[in-house]
Amino acid sequence: MSISKTIKSVAVIGAGPAGIACVNELAHVAKSGISTLEQNITPSAKNAAFNKIVCFEQNDKIGGVWNFFAKPDPKMPSIDILKSRRFNTPDGIFEYSHLPSDSTLKETSSTTPFVRFSNKTFEDELKWNKNAAYKDLFTNIPEKFMKFSYTPYKGVSKGRFLEPLVSLDDVKEYLDSIVEKYSLSHYFRTSSSVELVEKDDNTNKWTLTIRKKPRFSKIEQWYREEFDAVVVANGHCNVPFIPRTDGLSEFVAKYPDVVRHSKSFRDPAEFVNKSVLICGSGTSSADLAQYLAPVAKSVTISQRSKTVYGWIEECFQSSPAVKFKPRIKRYITDNSEKPHTVEFDDGSFVQFDHIILSTGYHYHFPFLPKSKEYIKIYNDGHDCHNPINKIGNLFLYTFSIKDNTLATVGIPTIGLMFHAMEYSAAAIAGIFSASKRLPPIEEQTKWDDGRTKVEKPEVPQRFQGFFTDKLEEQLLNPLFAFAPDGRTTPLVRENVAATDVESSNPALIRAYKALMSGKYSSKDLLE
């Protein structure tokens, strides 16, 4: 459904980089449809395109995946969940909140909420809201791509061993600086999770059901609030994917501290002199291997398929101490003489002290009614060993073709995440302010069909992926055509190309070899 009304109020769900980028773009559009963001001039309330912008964040601080939580999410879901055999689906391991009745919420607002006590604190709920970031984490793309184009390049990595890469703290400080520089803090409501998003056909508005619940509190404040448009920016590195492998639930029940998802990794010290199996062939597997190999007794990597990243393959080939195995066929629990044993697809049996599932995450939008398919999650052709990873009903991975007043930021799986978010956010600001108009729904659907009605994605294992040399042509430039006047094309403004993201590869290989040598810690490399 195309936009047929004036949009004056916008809700943004999620206060990570995507949410921050979107709030900043929306806040700097005037009624005239001109963006003042690059001049850092905030339109007056009288001249602003939107009279209400609210960004809801379930955690108690903004920053999304770039926040550090000393206490991670659970290593694995509970035994009861594992026994259900639905643990390879996001709904199977996510704890939904019990919503108050419609009559209870009818007259509520942010200032007059319905208050109730629950039997758990937010900290204890299985929402998978604690990020995977660990101390001394560093990025795998250059500093110049870990920023938005309208802020200057500071060169904080210059002179470091890891130049041009930056640390977790560097990125978090940058995001905080954006909020401070552009005076955005009043747009954010933290400890406020969006539990339900519904479209009222009578009012043509979106009704959001909000639960405000501080991290360590059992007190919940519930209310509803209406908006003309909604932006989904909740990220896709939250709910872990756990492959449904034979014997897993029995294995975890018998050996509760052996298997974990990589999201719960925090400190290599836990693995000293232990035999470790890492399952996966992506960036997090390479990250873990470089930290664990110097301290563990042994490190083995189980791969369903070879990595799609050349720099990771080069790192793996330079690691004689790291062994490689195919996919786990089953977990063994009936051999008391050899505990913690798994069987691989090649018929071999091996014991491990720790098994880390570096198997990725689900896209998950628990607040959207599934029947409406505003954002469609496909499950065709995916078995229990693969996460659900095809996303549809989206034009340019930004506007829902079911209702153009619902948009998304941060869907594509690409290295230029910050810039891609900026392009989407700018397009949203242009469309929602009526500065620009989307093409007919038929044209939007044709674009979506080109991404979803295919058996295999163009980029292996990445339906939402783009090759860097085609990214600008296929996604970024079409998006920026909808940006409001006054905005400069981000990559042009920065005088960089999408392919420049690969300039980080030598530093990643250099870091991997340095850490694998055992002579350096990640902290050393960041100094």
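Please refer to the structure higher up on the page.
Counting from 1, residues in each chain are numbered in the order their sequence is written. Given that this is a predicted model, residues contribute local features only at a pLDDT of at least 70 and side-chain atom pairs are listed and counted only at 80 or more, while totals for whole chains, interfaces and linings are drawn from all residues. The side-chain values count all of the structure's non-hydrogen atoms but skip hydrogen atoms and water molecules.

1. Let's talk about the pattern of salt bridges
Then step 1. What makes a salt bridge here is a side-chain nitrogen of Lys or Arg within 4 Å of a carboxyl oxygen of Asp or Glu, nothing more. One pass over the full model with this rule turns up 35 salt bridges.
Then step 2. A salt bridge links Lys-172 to Asp-176; its shortest N-O distance comes to 2.9 Å. Taken as a pair, Lys-172 and Asp-176 lie in helix α5 (residues 168-181) at a separation of four residues, close to a single helical turn.
Then step 3. Relative accessibility decides the category of a residue: with a 1.4 Å probe and only protein chains considered, values under 20% of the type maximum give buried, values over 50% give exposed, and everything between is partly exposed. Exposure remark for Lys-172: the relative accessible area of 17% places this residue in the buried category. Only DSSP runs of H or I reaching four residues or more are called helices, and only runs of E reaching two or more are called strands; each is numbered from the N terminus.

2. Quick notes on the sheet that holds strand β15 (residues 349-351)
Then step 1. A sheet is described by the order of its strands in space; here three strands give the open sequence β13-β14-β15, paired in antiparallel fashion. In the strand order of this sheet, the two ends are held by β13 (328-332) and β15, each with one partner. Between one strand axis and the next, the sheet turns by 30 degrees as a mean value, whatever way the strands run.
Then step 2. The criterion for strand pairing is that DSSP finds at least two bridges linking the strands in question. Two elements, β13 and strand β14 (residues 341-344), share four bridges in a ladder whose sense is antiparallel. Counted as the bridge partner of Tyr-331 is Val-342 from β14. Axis geometry follows a simple rule: fit a line to the C-alpha atoms, using only the stretch in contact for helices, then measure angles between N-to-C directions, giving values from 0 to 180 degrees.

3. Things to note about the sheet that holds strand β6 (residues 205-212)
Then step 1. On the basis of which strands lie adjacent, the open sheet formed by four strands has the order β3-β7-β6-β5 and antiparallel pairing. Single-partner strands in this sheet number two, and they are β3 (114-117) and β5 (192-200). Ignoring strand direction, the axes of neighbouring strands in this sheet form an average angle of 20 degrees.
Then step 2. Sheet topology places β5 next to β6; eight bridges connect them, and they run antiparallel. Its bridge partner being in β6, Val-197 is matched across the sheet by Leu-208.

4. Structural notes on the side chain of Asp-448
Then step 1. Assignment of secondary structure puts Asp-448 in helix α10 (residues 441-452).
Then step 2. Counted as positive: Lys and Arg. Counted as negative: Asp and Glu, with His and the chain ends omitted from the count. The side chain of Asp-448 sits in the buried core without any salt bridge; Lys-453 is the nearest counter-charge, 4.9 Å away.
Then step 3. Between two residues, a contact is recorded if the distance between any of their heavy atoms is within 4.5 Å. The residues contacting Asp-448, other than those within four sequence positions of it, are Gly-392, Asn-393, Leu-394 and Ile-401.

5. Thoughts on the environment of Lys-31
Then step 1. Mapped onto the elements, Lys-31 comes out in the loop between α1 (17-27) and β2 (52-56).
Then step 2. For Lys-31, a relative accessible area of 52% puts it in the exposed group.

6. Re a nonpolar patch on the surface
Then step 1. On the surface, Val-115, Phe-117 and Ile-219 cluster together into a nonpolar patch covering about 310 Å² of accessible area.
Then step 2. Relative to the assigned elements, Val-115 resides in strand β3. Patches draw on residues past 30% relative accessible area with no salt bridge. Two like charges within 9 Å are joined, as are two nonpolar side chains (Val, Leu, Ile, Met, Phe, Trp, Tyr) within 5 Å. Surface accessibility follows the Shrake-Rupley procedure with a 1.4 Å probe radius. Residue values consider only the protein chains on display as shielding.

7. Comments concerning α5
Then step 1. Any helix carries an expected span of 1.5 Å times its number of residues minus one. With 14 residues, α5 should reach 20 Å at 1.5 Å per residue; the first-to-last C-alpha distance of 20 Å fits that figure.
Then step 2. Contacts made by the buried residues of α5 are with α1, β4 (188-189) and α9 (417-432).
Then step 3. In the stretch just after α5, Ser-183 is the one whose phi turns positive, near 55 degrees.

8. Quick notes on unusual backbone geometry
Then step 1. Pro-164 follows Glu-163 through a cis peptide bond whose omega is 15 degrees.
Then step 2. Positionally, Pro-164 belongs in the loop between β3 and α5.
Then step 3. Positive phi, close to 55 degrees, is recorded for Ser-183, a residue that is not glycine.
Then step 4. Along the chain, Ser-183 turns up in the loop between α5 and β4.
Then step 5. Residues other than glycine seldom take positive phi values, yet Asn-273 does so here, at roughly 60 degrees.
Then step 6. Along the chain, Asn-273 falls in the loop between β9 (259-261) and β10 (275-279).

9. Remarks on the packing of aromatic side chains
Then step 1. The pairing test for Phe, Tyr and Trp rings, Trp by its six-membered ring, is centres within 6.5 Å, and the orientation test on the planes gives stacked under 30 degrees, edge-to-face over 60, and tilted for anything in between. Overall, the coordinates contain 21 aromatic pairs when judged by the stated rule.
Then step 2. Centroid distance Phe-251 to Tyr-255: 5.0 Å. Interplanar angle 70 degrees. Geometry classified as edge-to-face.
Then step 3. What links up through ring pairs into an aromatic cluster is the set Phe-148, Tyr-150, Tyr-174, Tyr-182 and Phe-418.
Then step 4. Over the ring of Phe-466 we find Arg-451, and its NZ or CZ is 4.0 Å from the ring centre.
Then step 5. Criterion for a charge above a ring: Arg CZ or Lys NZ at most 6 Å from the ring centre, at most 35 degrees from the ring normal. We note Arg-510 situated over the ring of Phe-161; from NZ or CZ to the ring centre the distance is 5.6 Å.

10. Re α9
Then step 1. For α9, with 16 residues, the first-to-last C-alpha span of 22 Å sits near the 22 Å given by 1.5 Å per residue.
Then step 2. α9 sits mainly inside the fold: 15 of its 16 residues count as buried.
Then step 3. One or two positions beyond α9, positive phi appears at Ala-434, with a value near 70 degrees.

11. Points about the packing of helix α8 (residues 310-317) against helix α13 (residues 505-516)
For any two helices packed against each other, one specifies the inter-axial angle together with the distance between the axes.
Then step 1. It is the contact of α8 with α13, at a shortest axis distance of 10 Å, that shows an interaxial angle of 25 degrees. Between α8 and α13, the crossing angle belongs to the class labelled roughly parallel. The interaxial crossing formed by α8 with α13 has right-handed handedness. When α8 is examined against α13, the residues Trp-311, Glu-314, Cys-315 and Phe-316 are found in contact with a partner set consisting of Asn-505, Leu-508, Ile-509 and Tyr-512.
Then step 2. For the contact of α8 with α13, a count of residues per class yields six nonpolar, one polar and one charged. Roughly parallel here means an angle under 35 degrees, roughly antiparallel means over 145, roughly perpendicular means 65 to 115, and every remaining angle is called oblique. What makes a crossing left-handed is the near helix being turned counterclockwise from the far one by less than a right angle; a clockwise turn instead makes it right-handed. Three categories are distinguished: nonpolar for Ala, Val, Leu, Ile, Met, Phe, Trp, Tyr, Cys and Pro, charged for Asp, Glu, Lys and Arg, and polar for the others, with Gly belonging to the last.

12. Here we look at the pairing of strand β16 (residues 354-357)
Then step 1. Along β16, one buried face is formed by His-354 and Ile-356 and the opposite face, lined by Ile-355 and Leu-357, is buried too.
Then step 2. Note that β9 and β16 share three bridges and pair parallel. Bridging across to β16, His-261 finds its partner in Leu-357.

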